[in-house]
Amino acid sequence: MLLFNESHQQIDVEKLKTNLINGINKEDKSSQADIEKLLGDYYGQAYSSEAKEYKFEPATLQNHLAPNFSFIDIGKKIFAKIKKFLCGVLTSGSNATQIVDAILKSLSSVIPGGIIVELIVQKVVNYVVGVGVGKLCAVPVASV
């Protein structure tokens, strides 16, 4: 997996995984809405960084978007994609290493340029570990 920081420097993925595992805080009380907002902001930052890297003006994107566009909407979609991926590869018995690996793989596939911001990824990891894969991926019971 090839990942970069905001300065477009390659990240040592194994060191990043170790930092994320060692930084797990099950007491982090972030809500799903908090994580979705964070992911939307993260996407916007990564998009801007990637656009600047290629000498493309990120404001051009805003000019083509609907007037009521919000990166929060993107954050909700990113969270849904991450959740779908996690629930497809993890189980309630998955350990922290497996959770971190799956989160990094899913984020690297949806965030422009494979740009990883460790503090933001840590919040996502904390949320998933805190909620638990079993609860995150629970199938809702249909009402009869």
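Each value, and the rule that gives it
Each chain carries its own residue numbering, running from 1 in the written order of its sequence. In keeping with the predicted nature of the model, local features appear solely for residues at pLDDT of at least 70, side-chain atom pairs appear and are counted solely at 80 or more, and the whole-chain, interface and lining totals rest on all residues. Side-chain metrics in this entry use all non-hydrogen atoms of the structure; hydrogen atoms and water are not considered. Strands are runs of DSSP state E lasting at least 2 residues, helices are runs of H or I lasting at least 4, and numbering of each runs from the N terminus. Every residue pair with non-hydrogen atoms within 4.5 Å of one another is taken to be in contact. Residue-level accessible areas treat just the shown protein chains as cover; the underlying method is Shrake-Rupley with a 1.4 Å probe. Stacked, tilted and edge-to-face pairs are distinguished by plane angle, under 30 degrees for stacked and over 60 for edge-to-face with tilted covering the rest, among Phe, Tyr and Trp rings (Trp via its six-membered ring) whose centres lie within 6.5 Å. The classification of residues rests on relative accessible area computed with a 1.4 Å probe and restricted to protein chains. Under 20% of the type maximum is buried, over 50% is exposed, and intermediate values are partly exposed. Only buried residues count toward a nonpolar core. Its members are Ala, Val, Leu, Ile, Met, Phe, Trp, Tyr and Cys residues joined through side-chain atoms within 4.5 Å. Note: pLDDT gives the predictor's confidence per residue, expressed from 0 to 100. Our working definition of a disulfide is a cysteine sulfur pair at a distance within 2.5 Å.

Undergrad: Hey, could you go over the overall build of the protein for me, with residue numbers and the actual values?
TA: Along the backbone of the protein there are seven helices and zero strands. Partitioning the contacts of the protein with sequence separation of at least 6, the portion at a separation of at least 24 is 77%. Summing over all exposed atoms, the protein offers an accessible surface of approximately 8,500 Å²; the carbon and sulfur share of this is 53%.

Undergrad: Explain the packing of aromatic side chains to me, and be specific about the residues and the numbers.
TA: One pass over the structure, following the stated rule, counts one aromatic pair. Here F79 and Y127 contribute two aromatic rings whose centre-to-centre distance is 5.9 Å and whose plane-to-plane angle is 70°, an arrangement assigned as edge-to-face. Here the residue F79 occupies a position in helix α4 (residues 71–89), and Y127 occupies one in helix α6 (residues 118–131), the gap between them amounting to 48 residues. With respect to class, F79 is no different from Y127; both count as buried.

Undergrad: Kindly report on the nonpolar core, identifying the contributing residues and their values.
TA: With 35 residues, the main nonpolar core has L39, Y42, I103, L107, V121 and V128 as its most contacted residues. Among the elements of the structure, α1 (13–22), α2 (32–53), α4, α5 (96–110), α6 and α7 (133–136) are those that each provide at least two residues to this core. If we ignore the near neighbours within four places in the chain, the residues touching V121 are L20, Y42, I103, L104, L107 and I116.

Undergrad: How would you sum up the side chain of S106? Please name residues and give values.
TA: With respect to the helices, strands and loops of the structure, S106 is situated in helix α5. Residue classification places S106 among the buried positions, given a relative accessible area of 4%. Among residues more than four places away in sequence, those in contact with S106 are I82 and F85.

Undergrad: Hey, could you go over the confidence of the model for the protein for me, with residue numbers and the actual values?
TA: Chain-level statistics for the protein give a pLDDT mean of 84 and a share of 81% at 70 or above. The weakest mean pLDDT in the protein belongs to helix α3 (residues 59–64) at 54; the strongest belongs to α1 at 95.

Undergrad: Talk me through the state of the cysteines; I want residue IDs and the actual numbers.
TA: A complete count under the given rule lists one disulfide for this structure. Put simply, C87 and C137 are joined by a disulfide, and their sulfur atoms are 2.0 Å apart. When the S-S torsion is -85°, as for the bridge of C87 with C137, the disulfide is left-handed. Of this pair, C87 sits in helix α4 while C137 sits in the segment after α7, and the two are 50 residues apart along the sequence. Classification of C87 by relative accessible area gives partly exposed; the value is 29%.

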